[in-house]
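Read off the chains here:
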Amino acid sequence: MSHDPITALLTERGAAYGPFVDQAATSQALAGHLRATCRYGRLDADMREALELIAMKMSRIVHGNPNRIDSWDDIAGYARLVADRLRGVVR
C-alpha cells in the first residue's frame, strides 16, 4: 500500500475535528447567521473573513476535541489580525 499524505491528513483532521460534513454544516450555519445581519455588508473584507474563520474554528471545537489549543489560538489570531489592522499594523 502506498503512502497517501492527503488520506493521512484527512484521517488526522477527522479524529481531531469530527466528520467534515457535520463540522461544515455547523460552520455554515454560524456564518449564515452573521451574513444575514443588516450590517454585515458594511464590514471590511478582513473583518468578514475573520468572523467566518472564527465560526469555522468554533464549529471544529464543538464537533471535535475542545482541548486542542491551536483552535483557540487560531480564534485569537484571526481577531488580532483585524484589531492590529485597525491600529495601523497590517500583516
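What comes next concerns the included structure. (Residues numbered from 1 in each chain as written. Predicted model: local features only at pLDDT ≥ 70, side-chain atom pairs only at ≥ 80, totals over all residues. Heavy atoms only, no water.)

This paragraph deals with the overall build of the protein. Secondary structure assignment for the protein yields four helices and zero strands. Listed N to C, the secondary structure of the protein is α-α-α-α in terms of helices and strands. At 16 Å, the protein has a C-alpha radius of gyration far larger than the 12 Å of a compact globule built from 91 residues. In terms of overall dimensions, the protein has C-alpha extents of about 50 × 30 × 25 Å along its principal axes. (Helix = DSSP H or I, 4+ residues; strand = E, 2+ residues; numbered from the N terminus. Rg over C-alpha atoms; globule rule 2.2 N^0.38 Å.)

Taking 1.5 Å per residue as the helical rise, helix 4 (residues 69-86) with its 18 residues ought to reach 26 Å, and the 26 Å between its terminal C-alpha atoms agrees with that figure. Among all positions in helix 4, only Ser71, Ile75, Val82 and Asp84 are buried. Contacts from the buried residues of helix 4 go to helix 1 (5-17) and helix 3 (45-63). Count one or two residues on from helix 4 and you reach Gly88, which has phi positive near 95°. (Expected span 1.5 Å × (residues − 1). Buried < 20%, exposed > 50% of the residue type's maximum accessible area, 1.4 Å probe, protein only. Contact = heavy atoms within 4.5 Å.)

Looking at the element boundaries, Ser71 is found in helix 4. Looking at Ser71, the relative accessible area reads 1%, which means it is buried. Excluding anything up to four places from it in sequence, Ser71 contacts Tyr17, Lys57 and Ile61.

Residue position: Asp84 is located in helix 4. Within polar-contact distance, the side chain of Asp84 engages the side chain of Arg91 at 2.9 Å. (Polar contact = N/O pair within 3.5 Å; in protein donor to acceptor, adjacent residues only side chain to side chain.)

As a further point, take the pattern of salt bridges. Inspection of the entire model under this criterion finds 10 salt bridges. For Asp44, the salt bridge goes to Arg85, with nearest N and O atoms at 2.8 Å. Placement of Asp44 in the loop between helix 2 (20-35) and helix 3 and of Arg85 in helix 4 is noted, with a sequence separation of 41 residues between them. Here Arg68 makes a salt bridge to Asp70, at a shortest N to O gap of 3.0 Å. (Salt bridge = Lys/Arg side-chain N within 4 Å of Asp/Glu carboxyl O.)

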